Amino acid sequence: MRGARILGTGRALPPRVVTNAELTTRMDTTEEWIVQRTGIRERRFVDPGTGASDLGVQASRVAIERAGLTPKDIQFLVFATLSPDMFFPGCGVLVQEKMGMDTIGALDVRTQCTGFLYGLSVAEAYVKAGFYDYVLVIGAEVQSTGMDLSTAGRDVSVIFGDGGGAAVVGPSDPGRGILSSHLHSEGKYARELMAEAPASIEHPRISKEMIDAGRHYGTMNGRYVFTHAVRRFPEVIREALEANGMTLSDLSIVIPHQANLRITQAVAKALEVPPEKVFSNIEKYGNTTAASIPIALDECIEEGRIREGDIVCLAAFGSGFTWASTLIRW
Ligand code: UT7
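In this report, the structure presented in the accompanying data block is examined.

Definitions and cut-offs
Residues numbered from 1 in each chain as written. Predicted model: local features only at pLDDT ≥ 70, side-chain atom pairs only at ≥ 80, totals over all residues. Heavy atoms only, no water. Core = buried A, V, L, I, M, F, W, Y, C linked by side-chain atoms within 4.5 Å. Buried < 20%, exposed > 50% of the residue type's maximum accessible area, 1.4 Å probe, protein only. Helix = DSSP H or I, 4+ residues; strand = E, 2+ residues; numbered from the N terminus. Contact = heavy atoms within 4.5 Å. Near = heavy atom within 4 Å. Polar contact = N/O pair within 3.5 Å; in protein donor to acceptor, adjacent residues only side chain to side chain. Areas by Shrake-Rupley, 256 points an atom, 1.4 Å probe, with all protein chains shown as cover. Pairing = 2+ DSSP bridges. Right-handed = clockwise from strand over helix to strand, strands pointing away. Phe/Tyr/Trp six-rings, centres within 6.5 Å; stacked < 30°, edge-to-face > 60°. Salt bridge = Lys/Arg side-chain N within 4 Å of Asp/Glu carboxyl O. Axes fitted to C-alpha atoms, helices over the stretch in contact; angles between N-to-C directions.

Take the nonpolar core next. Of all hydrophobic cores here, the largest spans 41 residues; its most connected members are Leu23, Phe233, Ile237, Leu251, Phe317 and Leu327. Elements with a minimum of two residues in this core: helix 8 (222–243), helix 9 (261–271), strand 12 (311–318) and strand 13 (322–329). Counting residues per element, this core draws most heavily on helix 8, at seven residues. Leaving out residues up to four positions away in the same chain, phenylalanine 317 has contacts with Cys113, Thr114, Val225, His228, Ala229, Arg232, Phe233, His257, Thr322 and Trp323. Counting residues in each nonpolar core, the second largest holds 32 residues, with Phe76, Leu117, Ala290 and Ala316 among its members.

In structure tokens:
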């Protein structure tokens, strides 16, 4: 079977920077609390009129160009987001239309923080099997319109930000590119990190009472998520290495989902790898859920932190709970 590798990446960050200082004017919080507990100094919020699909399109244009392709060359696309432009249809078809692509298949993935890695695994399988040559994978989020920016929502809303990232996957020699994907879920924890509404089990799906009760905002059992994350990240990274007959010393860099700087530091400690081997950019963008890994990957490439032959591990944990890793020989 042929291999599958990432041919190009791109990212899109809305221009509006929201600092911790700005958040202190909207809720009872402090710059110190946010930096100490999360490592975040600022994040981006979109202006009205920009949806997750727009950030996805912007990131995709760059990724496709860097892959040396045009939108017409893309044969299938996967869009991962928890914040689609509308309840249905998903963002995939909006990207197809906005980019003037042929009537290719467009798949939406809803696994939140692991969405990009789930999407990448689909691209990997399709390309390796020869089903498609060029698959576009997008992770993009507009969190800012779904957060309670008052004191009642402060534990969630200081963490999340808006952004988009994309990667084009295409054929490679066997043994080069994506070596394996490892995907997990544990739905018994679904309610520990969720946005409950609109909800098809409610009649109607959304009502004034539900909105007044804030049931359309994301809620999170932060400590619970934290505890599971620091266990699952190292576990799924080790799983990837073992599956490929490698050890931690083979790793050039880990690019984790940017959940919280303390989680990233705990992962480095648990794996006993130097902190500089575990990439972090959360201080600039906060947690951008499905977008955080492709944004981080794009920055790593731009900063020259990934060279040909490097072993790169992408890893994520989040709502679902879901967790995943992707091991790549660059
Ligand atoms: O992408 C994956 C999804 N999410 C995550 O990975 C997040 C995982 N969890 C976390 O990152 C952390 O649990 C948080 C950053 C959310 C919270 O940090 P924590 O150290 O677990 O704090 P806590 O929730 O235990 O709250 C400590 C205190 C509480 O006050 P009391 O009860 O001790 O008086 C909170 O009310 O901090 C208070 N608090 C805040 N204070 C100022 C909560 N949010 C804020 C805030 N500003 N924004």
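Next comes the rest of the write-up.
Moving on, we come to the site of the ligand. Near the ligand, the surroundings consist of 22 residues, among which Thr29, Arg37, Arg223, Asn260 and Asn287 are the closest. The contact in question runs from a nitrogen atom of the ligand to an N or O atom on the side chain of threonine 29, over 2.6 Å. The contact in question runs from an oxygen atom of the ligand to an N or O atom on the side chain of tryptophan 33, over 3.2 Å. Summarising the interface, the protein chains cover 75% of the accessible area of the ligand, which totals 950 Å² for the free molecule. Listing elements by their share of the shell around the ligand, those giving two or more residues are helix 2 (31–38), helix 6 (154–157), helix 8 and helix 9. Element by element, the count of residues in the shell around the ligand is highest for helix 8, at four residues.

One ladder, built from five bridges, connects strand 4 (residues 76–80) with strand 5 (residues 105–109); its direction is parallel. Directly across from alanine 80, in strand 5, lies its bridge partner valine 109. In this fold, the crossover linking strand 4 to strand 5 by way of helix 4 (residues 91–98) has right-handed handedness.

Let's shift gears to the packing of aromatic side chains. Within the structure shown, the criterion is met by nine aromatic pairs. Taken together, a centroid distance of 5.2 Å and an interplanar angle of 15° make the contact between phenylalanine 76 and tyrosine 132 stacked. Pair noted here: phenylalanine 76 is in strand 4 and tyrosine 132 is in the loop between helix 5 (115–129) and strand 6 (135–141), with a separation of 56 residues, a long-range link. The buried category is assigned to phenylalanine 76, whose relative accessible area is 8%. Seen from their ring centres, tyrosine 126 and tyrosine 132 are 5.4 Å apart, and the 75° between their planes marks the pair as edge-to-face. For tyrosine 126, a relative accessible area of 26% gives the class partly exposed.

Per the stated rule, a full pass over the model turns up 21 salt bridges. Its salt-bridge partner being lysine 284, residue glutamate 299 comes within 3.2 Å of it at the nearest N-O pair. Here the residue glutamate 299 occupies a position in helix 11 (residues 292–302), and lysine 284 occupies one in helix 10 (residues 282–285), the gap between them amounting to 15 residues.

This brings us to the sheet that holds strand 8 (residues 177–185). Overall, mixed pairing links the four strands, which are arranged 8-13-12-11 in an open sheet. Edge positions in the open sheet fall to strand 8 and strand 11 (253–256), since each of these has one partner strand only. Between one strand and the next, the sheet's axes are offset by a mean angle of 15°, whatever the strand orientation. Direction of pairing for strand 12 relative to strand 13: antiparallel, over a ladder of eight bridges. By the bridge assignment for strand 13, isoleucine 311 is matched with arginine 329.

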